[in-house]
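Coordinate inspection notes
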Amino acid sequence: MKGEALRMLPTKEPKQEGHIWGSMRRTAFILGSGLLLSVAFWNSVTWHLQRFWGASGYFWQAQWEKLLLLFEGKEWILFIIGAIQVPGLLFWVFNGLLLVVDTTGKPNFISRYRIQLGKNEPVDPVKLRQAVRTVLFNQCMVSLPMVTFLYPLLKWWGDPCRRELPTFHRFLLELAIFTLVEEVLFYYSHRLLHHPTFYKKIHKKHHEWTAPIGVISLYAHPIEHVASNMLPATVGPLVMGSHLSSITVWFSLALIVTTISHCGYHLPFLPSPEFHDYHHLRFNQCYGVLGVLDHLHGTDTVFKQTKAYERHVLLLGFTPLSESIPDTPKMKWRQKVMVGTAGREDGNGKPRMVTGLLTWGPVALSEPAMGPA
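Cut-off values and rules
- Residues numbered from 1 in each chain as written.
- Predicted model: local features only at pLDDT ≥ 70, side-chain atom pairs only at ≥ 80, totals over all residues.
- Heavy atoms only, no water.
- Helix = DSSP H or I, 4+ residues; strand = E, 2+ residues; numbered from the N terminus.
- Contact = heavy atoms within 4.5 Å.
- Salt bridge = Lys/Arg side-chain N within 4 Å of Asp/Glu carboxyl O.
- Buried < 20%, exposed > 50% of the residue type's maximum accessible area, 1.4 Å probe, protein only.
- Phe/Tyr/Trp six-rings, centres within 6.5 Å; stacked < 30°, edge-to-face > 60°.
- Core = buried A, V, L, I, M, F, W, Y, C linked by side-chain atoms within 4.5 Å.
- pLDDT = per-residue confidence, 0-100.
- Axes fitted to C-alpha atoms, helices over the stretch in contact; angles between N-to-C directions.
- Parallel < 35°, antiparallel > 145°, perpendicular 65-115°, else oblique.
- Left-handed = near helix turned anticlockwise from the far one by under 90°.
- Nonpolar A, V, L, I, M, F, W, Y, C, P; charged D, E, K, R; others polar.
- Patch = residues over 30% accessible without salt bridge, like charges linked within 9 Å, V, L, I, M, F, W, Y side chains within 5 Å.
- Areas by Shrake-Rupley, 256 points an atom, 1.4 Å probe, with all protein chains shown as cover.

1. Details of the overall build of the chain
For the chain, the count of helices and strands is 13 helices and two strands. Sequence-distant contacts, at least 24 apart, represent 71% of the contacts inside the chain between residues at least 6 apart.

Shown next as structure tokens:
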């Protein structure tokens, strides 16, 4: 009987092995399906885009040649404008619009889409001023020198200000490689920063905002800004020897996407920020950008069990997902025990103890934030 009981006991190793193989099969299915769909629609999509690209290509080539003539002999200034000033301007214009909502709560139709209800209504002005100062410092004292140093490296590898603009296919290829490189470097550098050794001294600064807003996407310790913000975005263009036009578009897209990920609003027709917003709320889930490596490493398993995961879709209507997919209040049994003195003395002159009240009942609770102190 004992031997039979032991044989009936489940073992953990097959489950773990099955979990790994299951993850690999699901990942292969997702990537394979995406590849097949891409191949199926590639000719159709590229045909339409190439027509647009070809029609406007001569126009952009002419404008680029005018810029080269204007900055002849001072191409490094043109590089700084394209790689720093243009993306930076787009960053502050977009965040300026979001800050109007963050600080005033208006217009109301935007604040309806807030992910963490009741948070930043309005945003703390003291924390906001500190965040803006840190972001400006990172942009001026960290990003600017790094991108300036990037110019001679790119010029040695392949002149970023060369006369010919990249072809449409070349641009798409570079954009895909930039995205994959960023996913890998950001995921692993981000997970490393969550190690207790680095978290307390470096990454905790960014996680002061458990309910993020757009501008804090660059609110970080300077070391983190280099390792986890700048390097994942710059390694791709450096490896590919990219043209300035590709770099400008990529840096601008990267800043807009990270702003959306931190903005705190799940707005219609924009990428879902639920994934990274959940990371700020819970700390130990959702480390990446695309979520591919989180899926492979199992760092999104808790997230997938939440309502936030159900809301992690592109909103194609105008009803906030917090209304159509509301949070389910967690039920927790709470014991109430009241023990104390009755305020009177018994016949022997000792305090009279009251030990009688003992009740049990369901209590709706909101889940507390978890994470390193």
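Next, the rest of the story.
2. Looking at the side chain of Ser272
Of note, Ser272 is situated in the loop between helix 9 (244-262) and helix 10 (274-282). In contact with Ser272, not counting residues within four places along its chain, are His266, Arg311, His312 and Val313.

3. Observations regarding the pattern of salt bridges
If you walk through the whole model with that rule in mind, you get eight salt bridges. Notably, a salt bridge pairs Glu274 with Arg311, separated by 3.8 Å at the nearest N-O pair. Of this pair, Glu274 sits in helix 10 while Arg311 sits in the loop between helix 12 (307-310) and helix 13 (321-324), and the two are 37 residues apart along the sequence. Here Glu274 and Arg311 have matching classes, each one buried. Between Lys304 and Asp300 there is a salt bridge whose closest N-O contact spans 3.4 Å. Classification of Asp300 as buried rests on a relative accessible area of 5%. In the salt-bridge network here, residues are joined through shared partners; they are Glu274, Arg311 and Asp327.

4. Regarding the packing of aromatic side chains
Summed over all chains, the structure comprises eleven aromatic pairs. With a centroid separation of 5.3 Å and an interplanar angle of 85 degrees, the aromatic rings of Phe91 and Trp92 are classed as edge-to-face. Residue classification places Trp92 among the partly exposed positions, given a relative accessible area of 26%. Ring plane angle 75 degrees and centroid distance 5.6 Å describe the contact between Phe269 and Phe318, whose orientation is recorded as edge-to-face.

5. Structural notes on the nonpolar core
Of all hydrophobic cores here, the largest spans 21 residues; its most connected members are Phe79, Ala83, Val147, Cys161, Leu244 and Phe251. Counting residues per element, this core draws most heavily on helix 3 (residues 75-104), which supplies five residues. In this structure, Phe79 is in contact with Ile84, Val147, Leu150, Tyr151, Leu154, Pro160, Cys161, Leu244 and Ile247, ignoring residues within four places of it in sequence. Among the nonpolar cores identified, the runner-up in size contains 13 residues, and Leu99, Val123, Leu218 and Tyr219 belong to it.

6. What to know about the confidence of the model for the chain
Per-residue pLDDT for the chain averages 82, and the proportion of residues at 70 or more is 73%. Segment residues 1-20 is flagged for pLDDT under 50; beyond a separation of four residues in sequence, or across chains, it makes zero contacts in the model. Note on residues 331-373: pLDDT is under 50 here. Beyond four places in sequence and across chains, it has 63 contacts.

7. Thoughts on the environment of Leu144
Tracing the chain through its elements places Leu144 in helix 5 (residues 125-157). Put simply, Leu144 and Ile84 are 60 residues apart on the chain and 6.9 Å apart in space, counted from C-alpha to C-alpha. Beyond its immediate chain neighbours, meaning those up to four positions away, Leu144 contacts Ile80, Ile84 and Gln139.

8. Points about the packing of helix 5 against helix 8 (residues 222-240)
When two helices pack together, their arrangement is given by the angle between their axes and by how far apart the axes lie. With their axes 11 Å apart at the nearest point, helix 5 and helix 8 run at an angle of 25 degrees to one another. Comparing their axes, helix 8 and helix 5 come out roughly parallel. You can see that helix 5 and helix 8 cross each other, and the crossing is right-handed. Seen from helix 5, the contacting residues are Phe137, Asn138, Val142, Ser143, Met146, Val147, Leu150, Leu153, Leu154 and Trp157; seen from helix 8, they are Pro222, His225, Val226, Met230, Leu231, Thr234, Pro237, Leu238, Val239 and Met240. Residue composition of the contact of helix 5 with helix 8, by class: 16 nonpolar, four polar and no charged.

9. Overview of a nonpolar patch on the surface
A cluster of nonpolar side chains, contributed by Leu180, Val289, Leu290, Val292 and Leu296, occupies part of the molecular surface with about 410 Å² of accessible area. With respect to the helices and strands, Leu296 occurs in helix 11 (residues 292-297).

10. Regarding unusual backbone geometry
The omega torsion of the bond from Lys106 to Pro107 falls at 0 degrees, within 30 degrees of zero and hence cis. Inspection of the secondary structure puts Pro107 in the loop between helix 3 and helix 4 (108-111). Residues Glu121 and Pro122 are joined by a peptide bond in cis, for which omega reads -5 degrees. Mapping Pro122 onto the fold places it in the loop between helix 4 and helix 5. Even without being glycine, Asn120 reaches a positive phi, approximately 55 degrees. Summarising the element assignment, Asn120 is placed in the loop between helix 4 and helix 5.

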